[in-house]
Amino acid sequence: MESSGAHTRDWTAADVEPVSCCICQGPGEPVYDVPPFAVVRCPRCRLSFVSPRLRAHALQEVYDDVGYFEGRVYAAERSPGTVLQRIWTSGRLGLLRSSLGRAEVGARLLEVGCGYGRFLAAARERGYDVTGVELSRSASRHARDVLNLPVHQGQLGGARLDRRFDVIAAWDTLEHVPDPVAFLRAARTLLEDDGVLVFSTPYISSLPARLLRTRWWTLKPTEHIWHFTPRSHQLVFARAGLVVTRILRNPLSVANFGRLDSLVGVARRLPDDP
Ligand SMILES: [Zn+2]
């Protein structure tokens with residue numbers, strides 16, 4: 001689905017700023033020019049990212065626009081997008097059950113970037129004790145007021161969560177956050193020692209990304225500001241004290257159904273440094 005409805009105005013050079021690689025702290029080298037943005041790649045670790053990218057205030061505008069989620073997670077009940085969401089939710093809950101070293105009932109689950117709360121509501125039905133964090137004011141309000149879910153509005157770092165979780169889920173979120181290493185470090189401090197972090201992201205080494213280049217439908221340089229590969233996932237997670245233990249790339253696996261350019265992963269904590 002195209003989300004350009006969320007872009008209520010044309011972005012100019014005043015809305016963007018250059019950023020550095022979240023692993024190496026250095027500038028990237030040009031890959032694609034998509035003015036006023038550019039996709040660059042770090043010459044040291046090969047992580048791809050958008051620089052210049054939207055400044056924080058402009059990003060908040062994008063996520064607060066009610067149109068951002070329409071045609072995505074909050075489409076009509078029987079739209080193809082909603083049917084896919086249900087398939088992914090069921091596959092992802094299955095993946096979680098098999099990755100979790102304990103019963104689902106009572107397990108504490110935090111979803112970061114929970115949108116309107118559909119995955120959280122499904123997890124609650126399985127017996128998880130759920131909490132959400134969502135940047136969008138409109139989506140987080142819906143999750144709280146309509147689905148009665150405990151959802152904090154804002155970035156993960158600002159959510160003031162006072163307990164640890166058995167599961168942290170970040171579906172299609174890591175590519176959106178200002179700094180993935182900082183995000184994953186914050187997630188790690190919230191994860192129980194034997195907890196699991198489950199995630200999905202697009203990946204830029206996928207066939208559609210490589211074939212379509214700037215026409216890749218998931219490039220979206222306003223929102224997708226980090227572009228991973230299975231290798232750069234490992235680097236970013238390792239920098240945050242986590243290790244990716246499983247990757248599902250098959251578009252026939254239920255957790256990733258129909259997605260040619262995205263993957264689903266499971267990560268765990270590395271032990272604390274002595
Ligand atoms: Zn780098």
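An account of the accompanying structure is given in this report. Here the residue index of a chain counts from 1 through its sequence in written order. A pLDDT threshold of at least 70 governs which residues receive local features in this predicted model, and a stricter bar of 80 or more applies before side-chain atom pairs are shown or counted, although totals over entire chains, interfaces and linings include all residues. Side-chain numbers here rest on the full set of heavy atoms in the structure, without hydrogens or water.

Our focus in this paragraph is the coordination of the zinc ion. Counted as coordinating are nitrogen, oxygen and sulfur atoms within 2.8 Å of the metal, or 3.2 Å for Na, K and Ca, while water is not included, which may make sites look incomplete. Here the zinc ion is held by C21 (SG), C24 (SG), C42 (SG) and C45 (SG), and the distances to it run 2.3 to 2.4 Å. Spacing between the donor residues of the zinc ion along their common chain follows C-x2-C-x17-C-x2-C. Within this pair, whereas C21 is found in the loop between β1 (16-17) and β2 (29-34), its partner C45 is found in the loop between β3 (37-41) and β4 (48-50), the two being separated by 24 residues in sequence. C45 carries the same exposure label as C21, and that label is buried. Helix numbering and strand numbering both begin at the N terminus, where a helix is a DSSP run of H or I of at least 4 residues and a strand a DSSP run of E of at least 2. The buried label applies to any residue whose accessible area, calculated with a 1.4 Å probe on protein chains only, is under 20% of its type's maximum; exposed applies above 50%, and partly exposed to all values in between.

What links the strands of a sheet is backbone hydrogen bonding, and the strands pair in either a parallel or an antiparallel sense. A sheet is described by the order of its strands in space; here 4 strands give the open sequence β2-β3-β4-β11, paired in antiparallel fashion. At either margin of the open sheet sits one strand with a lone partner, and together these are β2 and β11 (226-227). Sheet analysis places β4 next to β11, joined by 2 bridges and oriented antiparallel. The partner of S48 across the bridge, within β11, is H227. Pairing between strands requires that DSSP locate at least two bridges from one strand to the other.

One speaks of a salt bridge when a side-chain nitrogen belonging to Lys or Arg is within 4 Å of a carboxyl oxygen belonging to Asp or Glu. Here the structure, examined in full by the defined rule, presents 11 salt bridges. In this structure, R102 engages D166 in a salt bridge whose closest nitrogen and oxygen atoms are separated by 3.5 Å. Here R102 is found in the loop between α2 (80-99) and β6 (108-112), whereas its partner D166 is found in strand β9 (residues 165-171), with 64 residues between them in sequence. Looking at R102, the relative accessible area reads 37%, which means it is partly exposed. One salt-bridge network, held together by shared partners, links R108, R164, R188, E192, D193, R269 and D272.

Let us look at the environment of L184. Assignment of secondary structure puts L184 in helix α5 (residues 180-189). For L184 and A240, which are 56 residues apart along the polypeptide, the C-alpha to C-alpha distance reads 5.7 Å. Apart from the residues within four sequence positions on either side, L184 is in contact with L174, L197, V236, F237, A240 and L242. Throughout, a residue-residue contact means that at least one pair of heavy atoms, one from each residue, lies within 4.5 Å.

It is at 10 Å that the axes of α2 and helix α3 (residues 118-126) come closest, and there the two elements cross at 45°. Considering their axes alone, α2 and α3 lie oblique with respect to each other. In this structure, α2 crosses over α3, and the sense of that crossing is right-handed. Seen from α2, the contacting residues are T82, T89, S90, R92, L93, L96 and R97; seen from α3, they are R118, F119, A122, A123 and R126. Lines fitted to C-alpha atoms define the axes, with helix axes restricted to the stretch in contact, and inter-axis angles between N-to-C directions lie between 0 and 180 degrees. We call two directions roughly parallel when the angle between them is under 35 degrees, roughly antiparallel when it is over 145, roughly perpendicular when it lies between 65 and 115, and oblique otherwise. The handedness criterion is simple: a crossing whose near helix is rotated anticlockwise from the far helix by less than a right angle is left-handed, and one whose near helix is rotated clockwise is right-handed.

Our next topic: the side chain of S232. Position of S232 relative to the elements: it lies in helix α7 (residues 230-239). Its relative accessible area of 2% is what places S232 among the buried residues. Among all residues touching S232, those that are not within four sequence positions of it are L47 and H227.

This part is about α7. Taken as a whole, α7 has its buried residues at S232, H233, V236 and F237. Down the axis of α7, the smallest arc covering the buried residues is 135°, so these residues share one side. Working definition: the arc comes from the directions between the helix axis and the C-beta atoms, pointing outward to the latter.

Here we take up the sheet that holds strand β8 (residues 151-153). Read across the sheet, 7 strands follow the order β8-β7-β6-β9-β10-β13-β12 without closing on themselves; strand pairing throughout is mixed. Two strands lie at the open edges of the sheet, namely β8 and β12 (242-248), each paired on one side alone. Put simply, the sheet's adjacent strands are angled 20° from each other on average, direction ignored. Alignment of β12 against strand β13 (residues 262-269), held across 6 bridges, turns out to be antiparallel. Note that in β13 the partner of R246 across the bridge is V266.

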